[in-house]
Amino acid sequence: MNITDIQNIFTEAEEKISQASDSNELDEIKHFYLGRKGKMAQVIKQIPELPEEKRPLAGKESNIIKGKIQSLLSDRTQQLKTGQEKTQKIDTSLPAVKRTLGGRHPITIVIDDICKIFEHIGFTLVEGPEIETDYYNFKALNIPEGHPARDNFATFYLPKDNMLLRSQTSPVQIRIMKDVEPPLRILSPGKVFRPDNLDASHSFMFHQIEGLVVDKKTNFTHLKASLSYFVKNFFGRDVTMRFRPHYFPFTEPSAEVDIACIICGGEGCSVCSRTGWLEILGAGMVHPNVLKEVGIEESIFQGYAFGLGIERIAMLKYGITDIRMFFNNDMRFLKQFS
Ligand code: PHE
């Protein structure tokens, strides 16, 4: 046995590996050359019989050859695998995979439509975080701890640092007023969260759009004008609306805005609970305590704010009777809107 014999084993193995056509064959080859009683093991066993000066070289060479055979085997295994994938991919007799095309979600469509209307009268879009602190969601909005109004905004609390999932988009008002000098005219759409049980008209996650204007000599008439411009453009010229006195801790005076039921035209039906009116948003003049909190001088600047529930408006617009349909990801439902 000499070095050339070892090299011949390699040449022989190399040829067999390159011709192997599946993994079973490769396993056999591996066993034949590298197995415990394989060809390489036999060669190594004979090394002690060689003259002493040839042993180190023969030992070294055998190890190199073993490594080379091993790597040829794994290369070929990989080659066969990708080869198989390729033949599968180009099987042109298979029917094509049908891909369903997505579209804009009805909630996104309604948000975009509403934003466009307000952008037309000078509002700018801003965003706020969904994870908020007690300060922005409540305290700065004139709802201190223990205030009964907290009950109206049932809230998901997070385990750390007074953090929570915002239960309204109103905290964005505070963030903006603290950051940017008035005059302000902003609109902020986004998700809000409340621990309500899921039913046809409640969801633990829904969307709101917050509006805020702060300027000199701003008054309730401006609020009414902006909101009626929105209602006429979104629901139609002929839809009547009314402002009904209400209470929000962060606005004074406050109002809820109703539109004449677009299902029955105001006659009374099950959608409007026989009242002929549908509530669509809450609004009011920014409370002096809120202005004080953010450091805006109330003798110079006044503001108005409003908040709309998107799902409710989308349901009215499209005649959808169950809020859960928005979130079930049923393509048959979703495809109808885009
Ligand atoms: N944040 C109020 C709500 O979620 C809505 C609102 C916004 C009311 C702004 C007045 C002013 O019910």
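Cut-offs used in this document
- Residues numbered from 1 in each chain as written.
- Predicted model: local features only at pLDDT ≥ 70, side-chain atom pairs only at ≥ 80, totals over all residues.
- Heavy atoms only, no water.
- Helix = DSSP H or I, 4+ residues; strand = E, 2+ residues; numbered from the N terminus.
- Rg over C-alpha atoms; globule rule 2.2 N^0.38 Å.
- Buried < 20%, exposed > 50% of the residue type's maximum accessible area, 1.4 Å probe, protein only.
- Contact = heavy atoms within 4.5 Å.
- Areas by Shrake-Rupley, 256 points an atom, 1.4 Å probe, with all protein chains shown as cover.
- Lys, Arg positive; Asp, Glu negative; His and termini not counted.
- Charge placed at Lys NZ, Arg CZ, Asp CG, Glu CD.
- Near = heavy atom within 4 Å.
- Polar contact = N/O pair within 3.5 Å; in protein donor to acceptor, adjacent residues only side chain to side chain.
- Nonpolar A, V, L, I, M, F, W, Y, C, P; charged D, E, K, R; others polar.
- Core = buried A, V, L, I, M, F, W, Y, C linked by side-chain atoms within 4.5 Å.

Q: Looking at this model, I keep getting lost on the overall build of the protein chain. Mind explaining?
A: Helix and strand counts for the protein chain come out as 11 helices and 10 strands. By the compact-globule yardstick of 20 Å for 338 residues, the protein chain is too spread out, its C-alpha radius of gyration being 37 Å. If you line up the protein chain on its principal axes, its C-alpha atoms span 110 × 50 × 35 Å. Split into buried and exposed, the 338 residues of the protein chain put 41% on the buried side. For the protein chain, restricting intrachain contacts to residue pairs at least 6 apart in sequence, the fraction spanning at least 24 positions comes to 66%. Accessible area for the protein chain stands at about 19500 Å²; split by element, carbon and sulfur atoms hold 51% of it. Across the protein chain, 42 positive and 43 negative side-chain charges occur, with their mean positions spaced 2 Å apart.

Q: Please explain the site of the ligand as it appears in this structure.
A: Residues in close proximity to the ligand total 15 residues, the closest being Q168, S170, R194, Q208 and E210. In this structure, a nitrogen atom belonging to the ligand sits 2.7 Å away from a side-chain N or O atom of Q168. No other element matches the 3 residues that strand β10 (residues 301–309) contributes to the shell around the ligand. Grouping the amino acids of the shell around the ligand by side-chain chemistry returns 6 nonpolar, 7 polar and 2 charged.

Q: Would you mind showing me how to read the nonpolar core here?
A: In globular proteins that are soluble, nonpolar side chains generally tend to be buried together. One finds I114, L227, F230, I280, L281, F306 and I313 to be the most contacted residues of the largest nonpolar core, which totals 45 residues. Elements that contribute at least two residues to this core include exactly α5 (106–120), β6 (205–216), α8 (220–235), β8 (251–260), β9 (277–286), β10, α10 (310–318) and α11 (331–334). The dominant element in this core, judged by the number of residues it contributes, is α5, at 8 residues. The residues touching I114, leaving out its near neighbours within four places in the chain, are I209, F230, F234, I310 and I313. Counting residues in each nonpolar core, the second largest holds 26 residues, with Y136, F138, A140 and F301 among its members.

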